[in-house]
Amino acid sequence: MHRIEATHVDGEAYALEVRGRTLLVEQPETAGGQGTAPTPTEFFAASPATRVAFHAGRCLTRHRVCPRRAGGPYGVHGGTCRPSRITLAPPP
């Protein structure tokens with residue numbers, strides 16, 4: 001497993017170092033950040049969303065169907081309750 005390191009950048013922003021690549025996370029302006037990067041919750045939701053899309057795309061490719069159809073409507077829904085709700089829906 002590769003090492004993942006989180007470092008404070010400024011204000012509500014953090015940098016994640018993963019295999020020599022830098023990813024930024026931050027809070028939106030409404031939560032005290034600048035809104036310059038996805039939130040940690042959005043990154044959390046992106047992890048299973050990209051995994052689902054990857055494996056669906058691989059399956060579609062194996063069956064000679066264009067893997068561009070592997071994407072789907074994934075979302076993070078805020079609200080009055082905490083924690084935020086994460087929705088993963090299979091592509092139509």
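Predicted, not measured: the structure shown is a model, and the values here were computed from it. (Residues numbered from 1 in each chain as written. Predicted model: local features only at pLDDT ≥ 70, side-chain atom pairs only at ≥ 80, totals over all residues. Heavy atoms only, no water.)

Caption draft 1: Representation of the overall build of the protein in the model. Along its length, the protein carries one helix and five strands. Ordered by position in the sequence, the α and β elements of the protein form the string β-β-β-α-β-β. Within the protein, the fraction of its 92 residues that count as buried is 13%. Within the protein, contacts between residues separated by at least 24 positions form 10% of all contacts whose residues are at least 6 apart in sequence. Put simply, the protein shows about 7,200 Å² of open surface, and 57% of that area lies on carbon and sulfur atoms. (Helix = DSSP H or I, 4+ residues; strand = E, 2+ residues; numbered from the N terminus. Buried < 20%, exposed > 50% of the residue type's maximum accessible area, 1.4 Å probe, protein only. Contact = heavy atoms within 4.5 Å. Areas by Shrake-Rupley, 256 points an atom, 1.4 Å probe, with all protein chains shown as cover.)

Caption draft 2: Geometry of the pairing of strand S2 (residues 13–18). Pairing analysis gives six bridges linking strand S1 (residues 4–10) to S2, with the strands arranged antiparallel. The residue of S2 that forms the bridge with His 8 is Tyr 14. Count of turn residues in the S1/S2 antiparallel hairpin: two residues, of which Gly 11 carries a positive phi of about 55 degrees. Linking S2 back to strand S3 (residues 21–25) in an antiparallel pair, the connection comprises two residues, with Arg 19 at a positive phi of about 45 degrees. (Pairing = 2+ DSSP bridges.)

Caption draft 3: Inspection of unusual backbone geometry at higher detail. Notably, Arg 19 is not glycine yet its phi reads approximately 45 degrees, a positive angle. Relative to the assigned elements, Arg 19 resides in the loop between S2 and S3.

Caption draft 4: Expanded view of the sheet that holds S2. Overall, antiparallel pairing links the three strands, which are arranged S1-S2-S3 in an open sheet. Each edge of the open sheet carries a strand with a single partner, namely S1 and S3. Sheet twist, expressed as the mean angle between neighbouring strand axes with direction ignored, is 25 degrees. Across five bridges, S2 lies against S3 in antiparallel orientation. In the strand pairing of S3, Glu 17 is matched with Thr 22. (Axes fitted to C-alpha atoms, helices over the stretch in contact; angles between N-to-C directions.)

Caption draft 5: Broad picture of the pattern of salt bridges. Per the counting criterion, the structure on display carries one salt bridge. The salt bridge partner of Glu 5 is Arg 3, with a shortest N-O separation of 3.4 Å. Since its relative accessible area comes to 36%, Glu 5 is described here as partly exposed. With a relative accessible area of 66%, Arg 3 lands in the exposed category. (Salt bridge = Lys/Arg side-chain N within 4 Å of Asp/Glu carboxyl O.)

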